[in-house]
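Here is how the chains run, residue by residue.
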Amino acid sequence: MRDRKRRNQRRASTSPWRYALATWLAGVLAAVGLGAVAPVGSALRTSLGLSDGALAWATSSITAVSAALGIPAGWWVRRFGAQRALPWGLFIMSVAAVGSAAAGYWGLLLGARIAEGVGYLLVFVAGPVVLTRLTQGGTRSAALALWGTCVPTGLAIAAVAGGALESVWTWNQWLALTALGPLIMAGVLTAVLPRLPGTAAPCGHREAGAWNGALRLGVAYGSLSLVGVAVVMVLPAFLLEQRQATPTVTGAVVAVVCLGSAVGGLAASWLLRRGSAFSSLVPLGALMPVACLPAFSADFPLVVSGGTATLVLVVDGLLISAVFAAVPASVRRAEDVDVANGILNQLGSVGILLGPPVFGLVIAAAGWGAVAALTLVFGGLGAVLLLTATHTSDATGTAAGVPRLPGARGGRVRRNGAGPLAKATDVSKPQDVS
């Protein structure tokens, strides 16, 4: 008992950034699984005799799971405990990835990818909750903003590594490799994450408007995700058809543009860590439709088009990271953070699924100039909802009762509205894991 107490005390005195970075890496590895099929899509289609539609389902099924089950997953994570759900989600992804690698026909591949989507959803609902309960103040805002970079970082790693190995490995070997990282990380998180105090069980009547802030942030996330994914998906067709760029040049430009989202998320993390207010980041959203004008115009040099398209994704990534950082302040009860993250994942996934077809249909009807108009509509909606949600949270205050570890840093009240957490609970005492 004394040994356990000493171990908990040593963990409690560790900088929360150690745990934040481990949790972030878990999200990155989960996002690698999300993008694992795309680099080997051609080989997979040939090997299994898949149509383009069947391959698209295998690629997007993970996102479809989040679009259908995000909110129920939030409720379940609250009951099961975020600290347990995070490594379990990684473990499920690892087992499912092995199933994908062993698939000999489309039905088995689709089933394995759906199972992988369940694990992915658990990771992306539980991860921000773990960060919320291990950090406070400006550190919490910065850690949650960093979480917003998980998807673009993981997708970039999948594209680079999968593309490099595609010529020397089979698609089965690549998919099997993607199972290794989540499996190792599940064990690491189980070993290193401290025991987290639980939150009180939900009871009583929910007052009207209790979920307004989380719903605003969810729609904001969906709108911003719609813009980011759509711009990346339609850009290759524009470069190939309108700019007569070679496939090699097009691929290089799109890769740089995708990384812009991660750069924006890192910028948000740095700014919020230094005390910037959420409201000071929102006006940057006006740059997105303006940057789309040269990005999707043949009248500008290719380097200008690529640079301005990258700027769109930098701002989009920055605002998405700000959305994640604003979640704890958007709810009135500590235990609602889990469900709020479920709302974010469900509505964000809906935006990801709708973005490419919506942009494609409008571009076919109105031409490439419509990209700027659509970015103005959806990007503006996301920015406005982020602004209103953060103003509401500033007025009502951060959710009470979210515990922190003794010794966690970053407890000063910040101008971004992420105030100090409740009084620390002794993690050496038996607690419900959450």
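Parameters and conventions
- Residues numbered from 1 in each chain as written.
- Predicted model: local features only at pLDDT ≥ 70, side-chain atom pairs only at ≥ 80, totals over all residues.
- Heavy atoms only, no water.
- Axes fitted to C-alpha atoms, helices over the stretch in contact; angles between N-to-C directions.
- Helix = DSSP H or I, 4+ residues; strand = E, 2+ residues; numbered from the N terminus.
- Left-handed = near helix turned anticlockwise from the far one by under 90°.
- Contact = heavy atoms within 4.5 Å.
- Nonpolar A, V, L, I, M, F, W, Y, C, P; charged D, E, K, R; others polar.
- pLDDT = per-residue confidence, 0-100.
- Salt bridge = Lys/Arg side-chain N within 4 Å of Asp/Glu carboxyl O.
- Buried < 20%, exposed > 50% of the residue type's maximum accessible area, 1.4 Å probe, protein only.
- Phe/Tyr/Trp six-rings, centres within 6.5 Å; stacked < 30°, edge-to-face > 60°.
- Lys NZ or Arg CZ within 6 Å of the ring centre and 35° of its normal.
- Core = buried A, V, L, I, M, F, W, Y, C linked by side-chain atoms within 4.5 Å.
- Patch = residues over 30% accessible without salt bridge, like charges linked within 9 Å, V, L, I, M, F, W, Y side chains within 5 Å.
- Areas by Shrake-Rupley, 256 points an atom, 1.4 Å probe, with all protein chains shown as cover.
- Bend = angle between axes of the 7 residues up to and from the residue.

1. Quick look at the packing of helix α8 (residues 150–165) against helix α11 (residues 247–273)
Closest axis-to-axis distance for the α8/α11 pair is 8 Å, and the angle between their directions is 145°. In the crossing of α8 with α11, the sense of the turn from one axis to the other is left-handed. Residues Pro152, Thr153 and Ala156 of α8 pack against Cys258, Leu259, Ser261 and Ala262 of α11. Of the residues belonging to the contact of α8 with α11, the class tally is five nonpolar, two polar and no charged.

2. Regarding unusual backbone geometry
Phi angles above zero are rare outside glycine, and Gln244 is one such case at about 50°. When you line up the elements, Gln244 lands in the loop between α10 (212–241) and α11.

3. A word on the confidence of the model for the protein
Per-chain confidence: the protein averages 81 in pLDDT, with 82% of residues scoring 70 or above. A low-confidence stretch, residues 394–434 stays under pLDDT 50, and its non-local contacts, those more than four residues away or across chains, total 125 contacts.

4. Brief notes about the pattern of salt bridges
This structure, assessed with the given rule, holds two salt bridges. A salt bridge links Arg113 to Glu116; the nearest nitrogen and oxygen atoms lie 3.5 Å apart. With Arg113 and Glu116 both in helix α6 (residues 106–134) and three residues apart, this pair spans about one turn of that helix. Residue Arg133 pairs with Asp338 through a salt bridge whose shortest N-O separation is 3.0 Å. Of this pair, Arg133 sits in helix α6 while Asp338 sits in helix α15 (residues 336–366); the two residues are 205 residues apart in sequence, bridging distant segments of the chain. Here Arg133 matches Asp338 in class, with each residue buried.

5. Quick word on the packing of aromatic side chains
One pass over the structure, following the stated rule, counts eight aromatic pairs. Ring geometry for Phe296 versus Trp368: centroids 6.0 Å apart, planes at 10°, classification stacked. Taken together, the positions of Phe296 in the loop between α13 (287–295) and α14 (302–330) and Trp368 in the loop between α15 and α16 (370–396) put the pair 72 residues apart, joining distant regions of the chain. Chaining the aromatic ring pairs together yields one cluster made of Tyr120, Phe124 and Trp147. Taking the ring centre of Phe80 as reference, the NZ or CZ of Arg84 above it sits at 4.4 Å.

6. Considerations on the environment of Ala31
Topologically, Ala31 is positioned in helix α2 (residues 16–34). Overall, the relative accessible area of 0% leaves Ala31 in the buried class. Counting along the chain gives 126 residues from Ala31 to Ile157, while the straight-line C-alpha distance between them is 8.9 Å. Ignoring any residue separated from it by four or fewer positions in sequence, one finds Ala31 in contact with Tyr120, Phe124, Cys150, Val151, Gly154 and Leu155.

7. Examining the nonpolar core
Counting residues in each nonpolar core, the largest one holds 94 residues, and the members touching the most others are Leu235 and Phe296. With 14 residues, the top contributor of residues to this core is α10. Residues Val37, Leu44, Leu50 and Trp174 belong to the second largest nonpolar core, which totals 15 residues.

8. Looking at a nonpolar patch on the surface
A surface patch of nonpolar side chains, amounting to about 520 Å² of accessible area, comprises Val168, Trp169, Leu177, Leu180, Ile184 and Val188. Counting through the fold element by element, Trp169 comes out in the loop between α8 and α9 (171–192). Using a relative accessible area of 34% as the deciding quantity, one classes Trp169 as partly exposed.

9. So, helix α4 (residues 52–80)
Because an α-helix packs 3.6 residues into every turn, residues spaced three or four apart end up facing the same way. Along its length, α4 shows its largest kink, about 70°, at Leu69, and proline Pro72 lies within four residues downstream of that point. Taken from the residues just after α4, Gly81 is the one with a positive phi, measuring 105°.

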